[in-house]
Amino acid sequence: MFAQCTWKCASSVLLIALLSCVLPPPAHASKSSEDIRCKCICPPYRNISGHIYNKNVSQKDCNCLHVVEPMPVPGNDVEAYCLLCECKYEERSTTTIKVIIIIYLSVVGALLLYMAFLVLVDPLIRKPDAYTQPLHNEEENEDAPSLAAAPTPSGARANTVLERVEGAQQRWKRQVQEQRKTVFDRHKMLS
């Protein structure tokens, strides 16, 4: 009951967060200033070191004269300096980036919630395992009957899928324990 409420609350909060990040405010329906920019890379020129200039301008104004401010060279060298600069108009969608990040975080959050659910609920579902033994117990007495070899009660019938899976798991554990005993204790290989 608690897990269902937690899951519903988390999914509704996640949906609200997703919508608030994805939907732009009505005043910013066009491209925002973070989505477009002109980037000019200017190499070193005479005694001036190289520099990268970024400015939010339109595509037609994407050139050295509009982006490089303040101009590092005097008026008669501006044209020569601008010929060396390489300007590129860049456009990106911050909305798409936000959506991808939200989807990624949602998947990671869902997996963490599932892991927490399994950690909390799994011990309640599982019964104590009477057949579990250490990998190699050297103090085990060969004459003592092994718990792994104990037969299952004939009246018990596996009705649910979980009980059938647990029964198959117990049979497998008994076989593995017998193989370990044969290999480690008796030093014989199974044929």
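Keep in mind the model is a prediction, meaning the values are calculated, not measured. Within each chain, residue numbers correspond to sequence positions counted from 1 in written order. A pLDDT threshold of at least 70 governs which residues receive local features in this predicted model, and a stricter bar of 80 or more applies before side-chain atom pairs are shown or counted, although totals over entire chains, interfaces and linings include all residues. Note: side-chain values were computed over all heavy atoms of the structure, leaving out hydrogens and water.

A short note on the side chain of Asp35
Selection rule: Secondary structure elements follow DSSP: runs of H or I of four or more residues count as helices, runs of E of two or more count as strands, with numbering from the N terminus. Residue exposure (1.4 Å probe, protein chains only): buried if accessible area is under 20% of the type maximum, exposed if over 50%, otherwise partly exposed. All tallies of charge rest on Lys and Arg as positive and Asp and Glu as negative; His and the ends of each chain are not included. Counted as salt bridges are all cases of a side-chain nitrogen of Lys or Arg within 4 Å of a carboxyl oxygen of Asp or Glu. In protein, a polar contact means a hydrogen-donor-capable atom and an acceptor-capable atom, both N or O and within 3.5 Å, with residues adjacent in sequence counting only if both atoms are side-chain atoms; elsewhere, any N or O pair within 3.5 Å suffices. Residue contacts follow a heavy-atom distance rule, with two residues in contact if any of their heavy atoms lie within 4.5 Å.
As for its placement among the helices and strands, Asp35 is situated in the loop between helix H1 (2–22) and strand E1 (36–42). One buried charged residue, Asp35, forms no salt bridge at all, with the nearest opposite charge on Arg92 at 4.8 Å. Only 2.8 Å separates the side chain of Asp35 from the side chain of Thr94, close enough to count as a polar contact. Among residues more than four places away in sequence, those in contact with Asp35 are Glu90, Glu91, Arg92, Ser93 and Thr94.

A closer look at the pattern of salt bridges
A side chain with one charge may pair with a side chain of the opposite charge, provided their charged atoms come close. Following the criterion strictly, the structure yields 4 salt bridges and no others. Between Arg46 and Asp77 there is a salt bridge, with its nearest N and O atoms 2.8 Å apart. In this pair, Arg46 sits in the loop between E1 and strand E2 (51–55) while Asp77 sits in the loop between helix H2 (64–67) and helix H3 (78–84), placing the two residues 31 residues apart along the sequence. Take Arg46: its relative accessible area is 66%, and that puts it in the exposed class. Judged by its relative accessible area of 14%, Asp77 is buried. Note that Lys88 is salt-bridged to Glu86, the shortest N-O span being 3.7 Å. A relative accessible area of 48% means that Lys88 is categorised as partly exposed. By relative accessible area, Glu86 is classed as partly exposed at 46%.

Digging into the nonpolar core
Put simply, the rule reads: As used in this record, nonpolar core signifies buried Ala, Val, Leu, Ile, Met, Phe, Trp, Tyr and Cys residues forming a set joined through side-chain atoms within 4.5 Å.
Grouped together as the largest cluster of nonpolar side chains are 16 residues, with contacts concentrated most on Tyr53, Val68 and Tyr81. Looking at this core, the elements with two or more residues in it are E1, H2 and H3. Not counting residues within four places of it along the chain, the set of residues in contact with Tyr53 comprises Cys38, Lys39, Cys40, Cys42, Val67, Val68, Glu69, Pro70, Pro72 and Tyr81.

Looking at the sheet that holds strand E3 (residues 86–91)
Rules: Paired strands are those between which DSSP finds at least two bridges. Inter-axis angles, ranging from 0 to 180 degrees, are taken between N-to-C directions of lines fitted to C-alpha atoms, where helices are fitted over the stretch in contact.
Read across the sheet, 3 strands follow the order E2-E1-E3 without closing on themselves; strand pairing throughout is antiparallel. This sheet does not close on itself; its edge strands, each paired only once, are E2 and E3. Across the sheet, the axes of successive neighbouring strands diverge by a mean angle of 20 degrees, strand direction being ignored. Examined bridge by bridge, E1 and E3 share 6 bridges and lie antiparallel to one another. Bridging from a neighbouring strand, Cys38 pairs with Tyr89 of E3.

Brief notes about the packing of aromatic side chains
Convention followed: For Phe, Tyr and Trp, where Trp contributes only its six-membered ring, two rings pair if their centres lie within 6.5 Å, and the inter-plane angle classes them as stacked under 30 degrees, edge-to-face over 60, or tilted in between.
All chains considered together, the criterion is met by 1 aromatic pair. Here the aromatic rings of Tyr45 and Tyr81 are separated by 5.7 Å at their centres, their planes lie at 70 degrees, and the arrangement is edge-to-face. With a gap of 36 residues between them, Tyr45 in the loop between E1 and E2 and Tyr81 in helix H3 connect regions that are remote in the sequence. You can call Tyr45 buried: its relative accessible area is 11%.

A closer look at a nonpolar patch on the surface
Our working definition: Think of a patch as exposed residues, more than 30% relative accessible area, with no salt bridge, where like charges cluster within 9 Å and nonpolar side chains (Val, Leu, Ile, Met, Phe, Trp, Tyr) cluster within 5 Å. We get accessible surface area from the Shrake-Rupley algorithm with a probe of 1.4 Å; when it comes to residues, only the shown protein chains can shield them.
Together, Ile97, Ile101, Tyr104, Leu105, Val108, Leu112, Met115, Val119 and Leu120 make up an exposed nonpolar region whose accessible area comes to about 920 Å². Mapped onto the secondary structure, Leu112 falls in helix H4 (residues 94–125). Assessed through its relative accessible area of 49%, Leu112 is described here as partly exposed.

A look at the environment of Lys88
Mapping Lys88 onto the fold places it in strand E3. Each C-alpha atom of the pair Lys88 and Asn63 lies 8.1 Å from the other, and the pair is 25 residues apart in sequence. Apart from residues no more than four positions distant in its own chain, Lys88 is found in contact with Arg37, Cys38, Lys39 and Cys62.

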